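What follows is each chain in one-letter form.
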Amino acid sequence: MMTKIAFVRKKEIPPSAPPITEVGLIGWLRQNLFSSWLNSILTVLSVYFIVIILWDFIPWAYGGHWNTKSLRECLDLDPDVACFSVLTARWKQLLFGLYPAEEYWRPTLTFIFLLLAIVPILFPKFFRFFWFSIIYPGLAVWLLWGGSFWSISIVYIGLTLGALFFLTLIRRYLKNYMIAAIFAFLFTAVFFLFISNPLVGLLNVILPISLPFVESLKMGGFTLSLIVGVTGIVASFPIGILLALGRQSNLPVIKMICVGFIEFIRGVPLITLLFVASVLLNYFLPPGTNFDIVLRVVIMVTLFSAAYMAEVIRGGLAGLPLGQHEASASLGLTYWQSQRLIIMPQALKISIPGIVNTFIGLFKDTTLVSIISLRDPVGLASTIRADQKWNGIYWELYVAIGLMFFIFCWGMSQYSQYLERKLKTDK
Amino acid sequence: MEKTKINITDEVAIHISDMNKWFGNFHVLRDINLEVRRGERIVVCGPSGSGKSTLIRCINRLEEHQKGSIIVDGTELTTDLKNIDKIRSEVGMVFQHFNLFPHLTTLENCTLAPMWVRETPEKEATEIAMEMLEKVKIPEQAHKYPGQLSGGQQQRVAIARSLCMKPRIMLFDEVTSALDPEMIKEVLDTMIQLAEEGMTMICVTHEMGFARQVADRVIFMDDGQIVEQNEPEEFFKNPKSDRTKLFLSQILGH
């Protein structure tokens, strides 16, 4: 039997609203929690587990003691609730370590400035305040460690002079960037070797500004975590980009160095590197060198996460179609222009989740410094528990420390999701 | 439509002599000799794998040739990066898959190269970009991202992006092959318009209608060699080589 093939639309069907069960709360529940028998059972089970955990946790946390003198006292009052008194008694230590109490304002101010300094980096509309992000590292070092204001400023003065020297050379005398850079480097080196010390001495006499010196071993608590974490994050990012580019380079020597570095650092546990930083490095360095322990740790943590960063970014680079390289080359952009304007913005965008993952990992890994007896919050927890008054306390301390870390890490994760939404350009 | 031939000058735009290229052991281009004069419009056709794309990609050094010489606008292509960047800024290229920069708006796609390579001030670069976007008839899409445009629109933006560099030569690499049939015409119209303005063009394409209408010369390639070249009338009416006859019968036969 033949059906009729010819067909012409007689009336147009206008779009209509979807059925009620597909939208709104009911639709959401159906689609997400009760879409099949198995899912419904899992939903019910999950809710059950959440309820029984909260059933115990909420009274424990809510009824907790905050003002007792020791763990013993807590247990005598009510053994079934939390004993947060340890935090009341020791919160300053958890935040500042052994930092002198009368100088607590310095790490506090450094932290507030940190929040201000990252705003121009995170939100481009505040980019005009970027100068503050530039001076912040010096300011933070001076505030935290103290000493003469000028011995920190001289670094900025020297680098600025070097940059000005470079620009003048380029503008006035030389066309070749390479040669100008070498001259500028020599100029800066001469400045730091011969001129900077007398100049600092002179400035100290003319206008003595200084803060009491605080040594690195006094740094501790979240102050230390943030020093190591933030410096590591800021420094590992550009190093990671360069390593990733180096690994993709056509120049065999550069490629070999980068691959070797990445594979070596990734193949070694961070703790090993930290031990090297704390113990072995002193054997290799000339006797009498006082190479700051926090600086050594920061360098190791930075190198460690730079290797991971490089691989994450390489993933982003690999995700870009070859056509992007070809298109930017065909327009006459140089290698560095095309990396900066076309390739990196896209590769970094693809890698945002991985990059933030590495940042979060790095920040949490700062707790490993407790192994080489630096007093980060986890190291301090052991110290506090060694105190007779708080001997035997577990949950309250670690919950608090965990919560602090969670706030920072969750913040980073939220920002990365915001950034991904903002940079979405398709549709 | 009658073709305008007044544009072709005696000036040599591209001179390729005895050029050879290998991919590993595969001899992809064999003894290519080609001279393109300023204002000339050339269509290169041939079966896939015949080396036609590779040929035009050698002209702006997206591929490196191993033997022979390529001279573009009087500058020979060597390993000297400065020469390569200079030639690339003078030679525009449009790709099969558009290759627009997805993280930049249409306008930014067009202003980027003039601003960074030619150091044109932003205001002037924007004016040029808008002029070119108007030429390809999509000024209203200037602030959209490539991902929000149709294939045909994206390809026209890609043409505008190349034109913003005020190139002296344009290379088109199968620019309509990835497009839906409905969009091929709008891109071809843009190319025809360019051709009529006297742009030196080399187009790798299977659009034989386009070749008939605008080309001054059609080149047929197979197995990495130029098999036959002629004026389009003659080329289509009286192909000389058997290989060309077979090719034409296959693509025109249905």
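For the structure, see preceding data.
The sections below set out a description of the structure shown in this document. The structure presented is a predicted model; accordingly, all values stated were derived computationally and were not measured. (Residues numbered from 1 in each chain as written. Chains lettered and ligands numbered in written order. Predicted model: local features only at pLDDT ≥ 70, side-chain atom pairs only at ≥ 80, totals over all residues. Heavy atoms only, no water.)

### Describing the interface of chain B and chain A
Working step 1: On the chain A side, the residues contacting the 24 residues of chain B number 20 residues.
Working step 2: The three residues of chain B that bury the most area against chain A are Phe-101, His-103 and Trp-116 of chain B, which together make up 30% of that side's buried surface.
Working step 3: Scanning the region where chain B abuts chain A turns up 1 salt bridge.
Working step 4: Between Arg-57 of chain B and Glu-326 of chain A there is a salt bridge, with its nearest N and O atoms 2.5 Å apart.
Working step 5: At the boundary of chain B and chain A, one finds 6 residue pairs in polar contact (both at pLDDT 80 or more).
Working step 6: At the level of secondary structure, the elements contributing two or more residues to the side of chain B that touches chain A comprise α2 (81-90), β6 (91-94), α3 (106-117) and α5 (151-163) of chain B.
Working step 7: Broken down by element, the side of chain B that touches chain A gets its largest block of residues, 4 residues, from α3 of chain B.
Working step 8: Residues of the side of chain B that touches chain A, tallied by class, amount to 13 nonpolar, 7 polar and 4 charged. (Contact = heavy atoms within 4.5 Å. Buried area = accessible area lost by both parts, 1.4 Å probe. Salt bridge = Lys/Arg side-chain N within 4 Å of Asp/Glu carboxyl O. Polar contact = N/O pair within 3.5 Å; in protein donor to acceptor, adjacent residues only side chain to side chain. Helix = DSSP H or I, 4+ residues; strand = E, 2+ residues; numbered from the N terminus. Nonpolar A, V, L, I, M, F, W, Y, C, P; charged D, E, K, R; others polar.)

### Quick notes on the packing of helix α9 (residues 221-247) of chain A against helix α10 (residues 252-266) of chain A
All names here are of chain A.
Working step 1: Two elements in contact, α9 and α10, have axes whose closest approach is 8 Å; the angle formed by their N-to-C orientations is 125°. In terms of their interaxial angle, α9 and α10 are classed as oblique. Here α9 runs over α10; the crossing is left-handed. Contacts from Leu-243, Gly-246 and Arg-247 in α9 reach Ile-254, Lys-255, Cys-258, Val-259, Phe-261, Ile-262 and Glu-263 in α10.
Working step 2: Residue composition of the contact of α9 with α10, grouped by class: 6 nonpolar, 1 polar and 3 charged. (Axes fitted to C-alpha atoms, helices over the stretch in contact; angles between N-to-C directions. Parallel < 35°, antiparallel > 145°, perpendicular 65-115°, else oblique. Left-handed = near helix turned anticlockwise from the far one by under 90°.)

### Quick look at the state of the cysteines
Residues and elements named next belong to chain A.
Working step 1: Within the structure shown, the criterion is met by 1 disulfide over all chains.
Working step 2: Paired through a disulfide, Cys-74 and Cys-83 show a sulfur-sulfur distance of 2.0 Å. Of note, the bridge from Cys-74 to Cys-83 carries an S-S torsion of about 70° and is right-handed in sense.
Working step 3: On the basis of relative accessible area, Cys-74 is assigned to the buried category, the value being 2%. (Disulfide = S-S within 2.5 Å. Buried < 20%, exposed > 50% of the residue type's maximum accessible area, 1.4 Å probe, protein only.)

### A closer look at the pairing of strand β9 (residues 217-222) of chain B
All names here are of chain B.
Working step 1: For β9, the tally of buried residues reaches 6 of 6 residues, placing the bulk of the element in the interior.
Working step 2: Burial along β9 is two-sided: Arg-217, Ile-219 and Met-221 facing one way and Val-218, Phe-220 and Asp-222 facing the other are all buried.
Working step 3: In this sheet, β9 lies alongside strand β3 (residues 41-45) in parallel orientation, the contact comprising 4 bridges. Bridging across to β9, Val-44 finds its partner in Ile-219.
Working step 4: Where β9 lies against strand β10 (residues 225-230), 5 bridges are found, and the strand directions are antiparallel. Bridging from a neighbouring strand, Ile-219 pairs with Gln-229 of β10.
Working step 5: Where β9 folds back onto β10 in an antiparallel hairpin, the turn is made up of 2 residues, including Asp-223, whose phi is positive at roughly 50°. (Pairing = 2+ DSSP bridges.)

### Some thoughts on α9 of chain A
Residues and elements named next belong to chain A.
Working step 1: Here α9 is 27 residues long and its end C-alpha atoms lie 37 Å apart, about the 39 Å a rise of 1.5 Å per residue gives.
Working step 2: A maximum bend of about 30° is found in α9 at Ser-236, where proline Pro-238 lies one to four positions downstream.
Working step 3: Of all 27 residues that make up α9, 19 are buried, and the element is covered over most of its length. (Expected span 1.5 Å × (residues − 1). Bend = angle between axes of the 7 residues up to and from the residue.)

### Brief notes about the sheet that holds strand β7 (residues 169-173) of chain B
Sheet strands line up and pair through hydrogen bonds in the backbone, either parallel or antiparallel.
Residue and element names in this part refer to chain B.
Working step 1: Overall, mixed pairing links the 6 strands, which are arranged β6-β7-β8-β3-β9-β10 in an open sheet. What marks the edges here is a single partner per strand, and that holds for β6 and β10. Between one strand and the next, the sheet's axes are offset by a mean angle of 20°, whatever the strand orientation.
Working step 2: Of the strands in this sheet, β3, β6, β7, β8 (200-204) and β9 are in contact with helix α1 (residues 52-59), which crosses β7 at around 150°.

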